[in-house]
Amino acid sequence: MYKSIFTALIVLLFAGSVHATGRGLTTLPDKPRAPAFELKDAEGTVHHLSDYKGKVIVVNFWATWCPPCRAEMPSMQRAWEQLREEGIMMLAIDVGEDEDAIFEFTASYPVEFPLLLDTDSSVSEAWDVKGLPTTFVVDQWGRKVYRAVGGREWDAPDLMKKVRALKQVP
């Protein structure tokens, strides 16, 4: 049931905007704590949110069947190529799919940052994801500072500037 509701929300989101480039990030004024997770990547390595304690993290929720998710992935890779040397982490959490879907996807869209599997959608529910793609930017204290619903060009200078600025905020 959750999957069909989630799919309906995705269709509605996609109908309104195919791939919105140039949109910014929504500030979350209450800066809620990012829910902890323990997820495997396609190779079976377990990742915990706490593994990245003290780092700014871009956490993207996506699926291989989602056209705006697919469209934004190359810009996420380009952003990652810049951010990884600065100690900023990027994670993409695939919602509801398995290793085979990820394997097929990366044949056409190679990425170097971790692709994690939320096979039962429990992490996306805990993070209050309403549609795909949804991305959160988490500060070094583990708080969700920004949210982006819908596709973005993640290597756009204005987005990169906001992400980088979180490293300097006390």
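In what follows, the accompanying structure is described. (Residues numbered from 1 in each chain as written. Predicted model: local features only at pLDDT ≥ 70, side-chain atom pairs only at ≥ 80, totals over all residues. Heavy atoms only, no water.)

Thoughts on the overall build of the protein chain
- Along the protein chain, the regular secondary structure elements total five helices and eight strands.
- Beginning at the N terminus, the succession of helices and strands in the protein chain can be written as α-β-β-β-β-α-β-α-β-α-β-β-α.
- Relative to its full complement of 170 residues, the protein chain shows a buried share of 48%.
- Here the analysis covers contacts within the protein chain between residues at least 6 apart in sequence; of these, 74% occur between residues at least 24 apart.
- As displayed, the protein chain has an accessible area near 8,400 Å², and 55% of this comes from carbon and sulfur atoms. (Helix = DSSP H or I, 4+ residues; strand = E, 2+ residues; numbered from the N terminus. Buried < 20%, exposed > 50% of the residue type's maximum accessible area, 1.4 Å probe, protein only. Contact = heavy atoms within 4.5 Å. Areas by Shrake-Rupley, 256 points an atom, 1.4 Å probe, with all protein chains shown as cover.)

Digging into the sheet that holds strand β3 (residues 46-48)
- Pairing within the open sheet is mixed, and its eight strands lie in the order β1-β8-β7-β4-β5-β6-β2-β3. Two strands lie at the open edges of the sheet, namely β1 (26-27) and β3, each paired on one side alone.
- The strands touched by helix α3 (residues 99-108) within the sheet are β4 (57-62), β5 (89-95) and β6 (115-118), with β6 carrying the most contacts at an inclination of about 150 degrees. (Pairing = 2+ DSSP bridges. Axes fitted to C-alpha atoms, helices over the stretch in contact; angles between N-to-C directions.)

Details of the state of the cysteines
- If you walk through the whole model with that rule in mind, you get one disulfide.
- In this model C66 forms its disulfide with C69; the gap between the sulfur atoms is 2.4 Å. Given an S-S torsion of about 75 degrees, the disulfide between C66 and C69 has right-handed geometry. In this pair, the class of C66 matches that of C69, namely buried. (Disulfide = S-S within 2.5 Å.)

Let's talk about the pattern of salt bridges
- Throughout the structure, instances matching the rule amount to six salt bridges.
- Residues R84 and E112 are paired through a salt bridge, measuring 2.5 Å at the closest nitrogen-oxygen approach. You can see R84 sitting in the loop between α2 (67-83) and β5 and its partner E112 sitting in the loop between α3 and β6, a full 28 residues away along the chain.
- In this structure, a network of salt bridges that share partners links the residues R78, E153 and D155. (Salt bridge = Lys/Arg side-chain N within 4 Å of Asp/Glu carboxyl O.)

Quick word on a negative patch on the surface
- Judged by side-chain charge, D98, E99, D100 and E104 come together as a negatively charged surface patch.
- Structurally, D100 is set in helix α3. (Patch = residues over 30% accessible without salt bridge, like charges linked within 9 Å, V, L, I, M, F, W, Y side chains within 5 Å. Lys, Arg positive; Asp, Glu negative; His and termini not counted. Charge placed at Lys NZ, Arg CZ, Asp CG, Glu CD.)

Some words on the side chain of E97
- When you line up the elements, E97 lands in the loop between β5 and α3.
- R70 is the oppositely charged side chain nearest to the buried, salt-bridge-free E97, at an N-O distance of 7.3 Å.
- Polar contacts involving the side chain of E97 include one to the side chain of T64, which spans 2.5 Å.
- In this structure, E97 is in contact with A63, T64, W65, L117 and T119, ignoring residues within four places of it in sequence. (Polar contact = N/O pair within 3.5 Å; in protein donor to acceptor, adjacent residues only side chain to side chain.)

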